[in-house]
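Architecture and fold: a report
What follows is each chain in one-letter form.
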Amino acid sequence: MDISNYRPISLLPSFSKILEKIIFRRLIHYFDYNKILAKEQYGFRSNTSTELASYHLINRILVALNDRLLVGGIFCDLKKAFDCVDHEMANTLVVSDFSPKCLDDKVIINDISDCEF
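Here the structure is a predicted model, which means the values were calculated and not measured.

Basis of the calculations
Residue numbers run consecutively from 1 along every chain, following the written order of its sequence. In keeping with the predicted nature of the model, local features appear solely for residues at pLDDT of at least 70, side-chain atom pairs appear and are counted solely at 80 or more, and the whole-chain, interface and lining totals rest on all residues. Excluded from the side-chain calculation are hydrogens and water; included are all heavy atoms of the structure. By definition, any uninterrupted DSSP run of H or I lasting at least four residues is a helix, any uninterrupted run of E lasting at least two residues is a strand, and each is numbered from the N terminus. Burial classes follow relative accessibility: with a 1.4 Å probe on protein chains only, a residue under 20% of its type's maximum area counts as buried, one over 50% as exposed, and anything between as partly exposed. Here, two residues are considered to be in contact whenever any of their heavy atoms come within 4.5 Å of each other. Computed with the Shrake-Rupley method and a 1.4 Å probe, the accessible areas treat only the protein chains shown as cover for residues. Put plainly, a pocket is an open set of points on a 1 Å grid over the protein atoms alone with protein on both sides within 12 Å along at least five of seven lines, a cavity is a set where a 1.4 Å probe fits but cannot get out, and a lining residue has an atom within 4 Å of a point. Grid points are joined across faces, edges and corners, and a volume is the space filled by probe spheres set on the points. Residues are grouped as follows: Ala, Val, Leu, Ile, Met, Phe, Trp, Tyr, Cys and Pro are nonpolar; Asp, Glu, Lys and Arg are charged; all remaining types, including Gly, are polar. In this analysis, a patch consists of residues with relative accessible area above 30% that form no salt bridge, clustered at 9 Å for like charges and at 5 Å for the nonpolar side chains Val, Leu, Ile, Met, Phe, Trp and Tyr. For this document, the term salt bridge refers to a Lys or Arg side-chain nitrogen within 4 Å of an Asp or Glu carboxyl oxygen. One less than the number of residues in a helix, times 1.5 Å, gives the span that helix is expected to have.

Focus on the overall build of the chain
Looking only at helices and strands, one finds four helices and zero strands in the chain. Each helix (α) and strand (β) of the chain, taken in turn from the N terminus, gives the series α-α-α-α. A burial count over the chain gives 10% of its 117 residues as buried. Sequence separation of at least 24 residues holds for 30% of the intrachain contacts in the chain that already meet a minimum separation of 6. When the accessible surface of the chain is totalled, it reaches about 10,900 Å², and 60% of it is carbon and sulfur.

Below is the structure:
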C-alpha cells in the first residue's frame, strides 16, 4: 500500500461555501440596517422574485397610464456587466469607507481578484 497513490480530500470548496454564506448574510444585514439598497432592488434578497419585480413595474405603468401620463422605458441587458468593472477601482472601493466594518477587506479583495469570467 503506497501512500503516494492517495490524494487528500479537499475541504476548501465546502469551507468556501460556508464562508460565502456568512459574508452574504453579513452584507445583507449591513445593507438592510443602513438602508443602502433601494426598495426596488429585487435580486439576491429574500421574499423577492422576478415575478414581484414584474408586478411592480406593470403596476406603476398602469397607474401612470390611468393618470394620463406619458410612459417610456429603457431596458439594458447587463448580463456581462461584471466583466466591464475595473477591478482596481473595485478593490479601492472595498478598502475605502464603503466597505462594511463587519468584513475583512482582504477576504473580499482576494475573492474578487480570483474570479474568472
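There's more to say after this.
Quick look at the layout of surface pockets
Rolled over the atoms, a probe as big as a water molecule pinpoints where empty space is left. The space that makes up the second largest pocket amounts to roughly 400 Å³. Looking at the lining of the second largest pocket, its residues break down into five nonpolar, three polar and no charged.

So, a nonpolar patch on the surface
Together, Ile 58, Leu 62, Leu 65 and Val 71 make up an exposed nonpolar region whose accessible area comes to about 340 Å². By the secondary structure assignment, Ile 58 is in helix 2 (residues 50-66).

Some points on helix 2
Helical geometry note: an α-helix holds 3.6 residues per turn, so side chains three or four residues apart project in the same direction. In this model helix 2 runs 24 Å from its N-terminal to its C-terminal C-alpha over 17 residues, within 8% of the 24 Å that 1.5 Å per residue would give. Phi for Arg 68, located one or two positions after helix 2, is positive at around 60 degrees.

Overview of unusual backbone geometry
Both trends apply: most residues other than glycine have a negative phi, and most peptide bonds are in trans. Phi angles above zero are rare outside glycine, and Asn 47 is one such case at about 60 degrees. Here Asn 47 lies in the loop between helix 1 (12-33) and helix 2. In this structure, Arg 68 is a non-glycine residue whose phi angle is positive, near 60 degrees. Mapped onto the elements of the fold, Arg 68 is located in the loop between helix 2 and helix 3 (87-95). For Arg 68, a relative accessible area of 78% puts it in the exposed group.

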